[in-house]
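A structural walkthrough
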Amino acid sequence: MLNKAQIRYCLDTMGEMFPDAHCELNHSNPFELVVAVALSAQCTDVLVNKVTKDLFQKYKTPEDYISVPIEELENDIRSIGLFRNKAKNIQKLSRMLIEEYGKEVPRDRDELVKLPGVGRKTANVVVSVAFDVPAIAVDTHVERVSKRLGLCRWKDSVLDVEKTLMAKIPKEEWSVTHHRLIFFGRYHCKAQSPRCETCPLLELCREGKKRMKRKEAN
């Protein structure tokens, strides 16, 4: 596990590598962000943005989503994985926003997770990006990078990773660190072919050093 000074170095280095790290899901309001993040489960942001380009032209409000037959909404998001289940959840959460939240997306994470299709990760993204509430959403990139670098333990659950990062990173840096970890994992420390040879964090990275040793042995 990395010590405090090493973690600081990692955070600063990622900040230099990705100074403009941000949420890559296109949206213009909190409701669109909820829909986009719900669609992004097990799917790339690039594909979600392709679909929402037309989707957000057609559907502007929660009422719009529940005013069409489920089959029509399914067809509009058909190119996205799990589209049937996601269409169902989007209609359910739209109805819930109308009936229980005055058509407004709640700002509280505990309220957000009550919405169908919205888990803890989704809620953390929404409160952080839409409402500037400090949060760390742990997606596959954040989990992978945190474990490879030794910010947390290999056996940690997603919730363990979130709690560990929150304990080790200053609260005012939670949200920006979340985006930088994602960019670092998406564009540099990739799942299949991490760029260990050119990584400025290689000397601190237990996984990277192992990979380089294996490469040298071969």
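Residues numbered from 1 in each chain as written. Predicted model: local features only at pLDDT ≥ 70, side-chain atom pairs only at ≥ 80, totals over all residues. Heavy atoms only, no water.

1. With respect to the UniProt feature "domain: HhH-GPD" (unreviewed entry) in the protein
The condition that has to hold: UniProt positions are given in the numbering used here, feature names are shortened, and annotations may be inferred rather than shown by experiment. Helix and strand definitions follow DSSP, with helices as H or I runs of at least four residues and strands as E runs of at least two, each counted in order from the N terminus.
What UniProt calls "domain: HhH-GPD" (unreviewed entry) maps, in this numbering, to residues 39-187. Secondary structure across residues 39-187 divides into 64% helix and 0% strand, with the first and last C-alpha atoms of the span separated by 21 Å.

2. Brief notes about the UniProt feature "binding site: [4Fe-4S] cluster" (unreviewed entry) in the protein
Rules: The pocket and cavity definitions rest on a 1 Å grid over protein atoms only: a 1.4 Å probe that fits but cannot leave marks a cavity, an open set with protein on both sides within 12 Å along at least five of seven lines marks a pocket, and residues lining either have an atom within 4 Å of a point. Residue burial is assigned from relative accessible area. The probe radius is 1.4 Å, only protein chains are included, and a residue is buried under 20% of its type maximum, exposed over 50%, and partly exposed in between. Here a residue-residue contact requires only that any non-hydrogen atoms of the pair lie within 4.5 Å.
The feature "binding site: [4Fe-4S] cluster" (unreviewed entry), as given by UniProt, occupies Cys189, Cys196, Cys199 and Cys205 in the numbering adopted here. On the basis of their most widely separated C-alpha atoms, the annotated residues across 17 residues gather in one place, lying no more than 10.9 Å apart. In the annotation above, Cys189, Cys196, Cys199 and Cys205 are the residues that line the largest cavity. Assessed through its relative accessible area of 17%, Cys199 is described here as buried. Those residues in contact with Cys199, other than ones at most four positions away along the chain, are Phe184 and His188. The residue Cys205 is located in the loop between α11 (174-187) and α12 (206-217) in this model. Accessibility expressed as a relative area gives 9% for Cys205, which makes it buried. Excluding its chain neighbours within four sequence positions, the residues that come into contact with Cys205 are Arg148 and Leu149.

3. Quick notes on the side chain of Glu32
For the record, the criterion: Charge assignment in this entry is limited to Lys and Arg as positive and Asp and Glu as negative, and neither His nor the chain termini are counted. Salt bridge, as applied in this entry: a Lys or Arg side-chain nitrogen positioned within 4 Å of an Asp or Glu carboxyl oxygen.
Inspection of the secondary structure puts Glu32 in helix α2 (residues 30-39). Here Glu32 occupies a buried position and makes no salt bridge, while the nearest side chain of opposite charge, Lys60, is found at 5.8 Å. If we ignore the near neighbours within four places in the chain, the residues touching Glu32 are His27 and Phe56.

4. A word on unusual backbone geometry
Even without a glycine there, the phi angle at Lys103 is positive, about 70°. Position of Lys103 among the secondary structure elements: in the loop between α6 (83-100) and α7 (109-112). Of note, the phi angle at Asp132 is positive, near 55°, even though the residue is not glycine. One can find Asp132 in the loop between α8 (120-131) and α9 (140-149). Accessibility expressed as a relative area gives 67% for Asp132, which makes it exposed.

5. Notes on α9
As a reminder of what qualifies: Two N or O atoms form a polar contact when they lie within 3.5 Å of each other; inside protein one atom must be a possible hydrogen donor and the other a possible acceptor, and for residues adjacent in sequence the pair counts only when both atoms belong to side chains.
The element α9 is extensively covered by neighbouring structure, given that eight of its ten residues are classed as buried. Among the residues making up α9, those that are buried are His141, Val142, Arg144, Val145, Ser146, Lys147, Arg148 and Leu149. A side-chain oxygen of the first residue of α9 lies 3.1 Å from the backbone nitrogen of His141; this N-cap is Asp139. At the C-terminal side of α9, Gly150 shows a positive phi close to 90°.

6. Comments concerning the environment of Val105
Along the chain, the position of Val105 falls in the loop between α6 and α7. C-alpha separation for the pair Val105 and Phe31, spaced 74 residues apart in sequence, amounts to 6.1 Å. Apart from residues no more than four positions distant in its own chain, Val105 is found in contact with Pro30, Phe31, Val34, Leu97, Leu112, Val126 and Phe131.

7. Some thoughts on the nonpolar core
Note the threshold: Throughout this description, the term nonpolar core refers to a set of buried Ala, Val, Leu, Ile, Met, Phe, Trp, Tyr and Cys residues connected via side-chain atoms within 4.5 Å.
Formed by 38 residues in total, the largest nonpolar core has its most connected members in Leu55 and Tyr65. Among the secondary structure elements, those contributing two or more residues to this core are α2, α3 (45-58), α6 and α8. With seven residues, the top contributor of residues to this core is α2.

8. Structural notes on the environment of Ser128
Structurally, the position occupied by Ser128 is in helix α8. For Ser128, the residues in contact, after removing those within four places along its chain, are Val133, Ala135 and Ser175.

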